[in-house]
Amino acid sequence: MADAKVIPFGRGDGAVPRPLRPAPDPEDAAEADTGVDGDGVDGDGGDGVPGPGGLEEALLRGVDFLRRRLSGCYEVDDFGFDPDLTDNVLLSAVRPLYDHYFRVDVEGLENIPDEGGALVVANHSGTLPLDALMIQVALRDHHPARRALRLLAADLVFQLPVLGELARKAGHTLACPEDALRLLEADEIVGVLPEGFKGLGKTFGERYRLQRFGRGGFVSAALRTGRPIVPCAVVGAEEIYPMLGNARLLARLMGLPYFPITPTFPWLGPLGAVPLPSKWSIRFGEPVPTDGYGEGAADDPMVVFNLADQVRESIQHELYRMLLKRRSVFF
């Protein structure tokens, strides 16, 4: 089998033949909203099952994908990002969650630039990091430029067998200033969830209360490159695994940051790992510019702290606003 081409990293969206989920044409927005095509026929037969045309096209896409993999006609960047595999396999595995299970609504995509780099900073919750994947799907499938989100992940992710390699293939890298700086300089959309495990592992009673943002390393990277910071608020993830407690002893024995106790886990065994079908909303806020700061601002602790605090307050305010508008957790 031929070797895949390794290319220098750039925008990260790659030249993927026949994209799985092309960005909708604005002129077709009305049709897209109704879920009915121009002929008045639902492409999936109206029950979520692909119709004859949709199934045939899916099979053709699958054949094209296998042909590219076998011939080595796909690209991988310096970080290991494989756009072809990500679009056609990895994101395909979570798209049903996005579209049909969590029924995600997304707003503010116009705040993500069509070109050039930006740093997306989001709240983090839900016991498992499904929120990060939903943000990735939102940008890849629904942004007009189909931007790829390059998430900065904790070391633990890359220490796990299989999962660590898949994370690299999906475009993620270590949450370190050096990698963030390189990606922003390459005009990538970089995602960071600065609450980290403190956000993921907080109890249900602390839901939608942002945890500390750490030392603000993400702000330094944005300041050094002059790229804007886009706050992102996610509502719905807090309810998928309502965490009632943390078995700290078990977590320590297993080398985990926390061991969740939920209404279904570990009592129901593997069934307890099934998330509750909460209704999700993702909102990208107004970009916070960083190109107006003087030289050396990235090394000034007060500037970094104040900017990180501004972003944190923006996300917290947006979460409160979205919660006030929400009528139901599940509908």
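Note that this is a predicted model, so its numbers are computed, not measured.

Chemist: Go over the overall build of the chain, please, and point to the residues and values.
Modeler: A count of helices and strands for the chain gives 11 helices and 11 strands. Here the chain holds 331 residues, and 46% of them are scored as buried. For the chain, the proportion of contacts with a sequence separation of at least 24, taken over those separated by at least 6, is 78%.

Chemist: I'd love a proper account of unusual backbone geometry, names of residues and values included.
Modeler: Residue P266 follows F265 across a cis peptide bond; omega there is 5°. Among the secondary structure elements, P266 is positioned in the loop between β10 (260-261) and β11 (281-284). Located in the positive-phi region is R103, a residue other than glycine, with phi close to 50°. Mapped onto the fold, R103 is located in the loop between α3 (83-101) and β3 (105-107). Residues other than glycine seldom take positive phi values, yet D187 does so here, at roughly 65°.

Chemist: Quick one: what's the story with the packing of aromatic side chains, residue by residue and with numbers?
Modeler: A full pass over the atoms with the stated rule returns 5 aromatic pairs. Ring geometry for Y101 versus F102: centroids 5.3 Å apart, planes at 70°, classification edge-to-face. Seen in terms of ring centroids, F102 and W280 are 4.6 Å apart; in terms of plane orientation they differ by 20°. Their pairing is stacked. In this pair, F102 sits in the loop between α3 and β3 while W280 sits in the loop between β10 and β11, placing the two residues 178 residues apart along the sequence. Take F102 and W280: they sit in the same class, and that class is buried. Connected via pairs of aromatic rings, a cluster forms that spans Y101, F102 and W280. Stacked on the ring of F158, the Lys or Arg R168 has its end atom at 4.6 Å from the ring centre. One cation-aromatic arrangement involves R207 over F204; the distance from NZ or CZ to the ring centre is 4.0 Å.

Chemist: Mind laying out helix α7 (residues 177-185), listing which residues take part and the relevant values?
Modeler: Among the residues of α7, D179, A180, L183 and L184 are the ones counted as buried. Take α7 and look down its axis: the buried residues cluster within an arc of 130°, on one side only. Away from its buried face, by an angle of more than 90 degrees, α7 presents the exposed residues E178 and E185. Buried-residue contacts for α7 involve β4 (118-122), β5 (149-153), β6 (173-174), β7 (189-192) and α9 (217-225).

Chemist: Which residues make up the sheet that holds β5, and what are the values?
Modeler: Taken together, the 7 strands give an open sheet; going across it, the order is β3-β11-β8-β4-β7-β5-β6, and neighbouring strands pair in mixed fashion. The open sheet has two free edges, formed respectively by β3 and β6, since each of these has just one partner strand. As paired strands, strand β8 (residues 229-235) and β11 are joined by 4 bridges and run antiparallel to one another. Following the sheet pairing, V235 is matched in β11 by S281. Along the sheet, α9 contacts β4, β7 and β8; its crossing angle with β4, the most-contacted strand, is approximately 160°. Sitting on the sheet, helix α11 (residues 301-325) is in contact with β3, β4, β8 and β11, with an inclination near 35° to β8.

Chemist: Lay out α3 in plain terms, naming residues and giving numbers.
Modeler: At L91, α3 shows its maximal bend, which comes to roughly 55°. If you check which residues of α3 are buried, you get P83, D84, L85, T86, D87, N88, L90, L91, V94, R95 and Y98. Among the residues trailing α3, R103 stands out with phi positive, at a value near 50°.

Chemist: Explain the nonpolar core to me, using residue names and the numbers behind them.
Modeler: Among the nonpolar cores identified, the biggest contains 31 residues, and L119, V121, F218, V219, I229 and I315 are the most heavily contacted of them. For this core, the secondary structure elements donating two or more residues are β4, α7, β7, α9, β8 and α11. Counting residues per element, this core draws most heavily on α11, at 8 residues. The residues contacting F218, other than those within four sequence positions of it, are L119, V121, V192, P194, F213 and A308. In terms of nonpolar packing, the next biggest core, distinct from the first, is built from 30 residues, L91, Y98, L149 and I240 among them.

Reading the values: rules and limits
- Residues numbered from 1 in each chain as written.
- Predicted model: local features only at pLDDT ≥ 70, side-chain atom pairs only at ≥ 80, totals over all residues.
- Heavy atoms only, no water.
- Helix = DSSP H or I, 4+ residues; strand = E, 2+ residues; numbered from the N terminus.
- Buried < 20%, exposed > 50% of the residue type's maximum accessible area, 1.4 Å probe, protein only.
- Contact = heavy atoms within 4.5 Å.
- Phe/Tyr/Trp six-rings, centres within 6.5 Å; stacked < 30°, edge-to-face > 60°.
- Lys NZ or Arg CZ within 6 Å of the ring centre and 35° of its normal.
- Arc of directions from axis to C-beta.
- Pairing = 2+ DSSP bridges.
- Axes fitted to C-alpha atoms, helices over the stretch in contact; angles between N-to-C directions.
- Bend = angle between axes of the 7 residues up to and from the residue.
- Core = buried A, V, L, I, M, F, W, Y, C linked by side-chain atoms within 4.5 Å.

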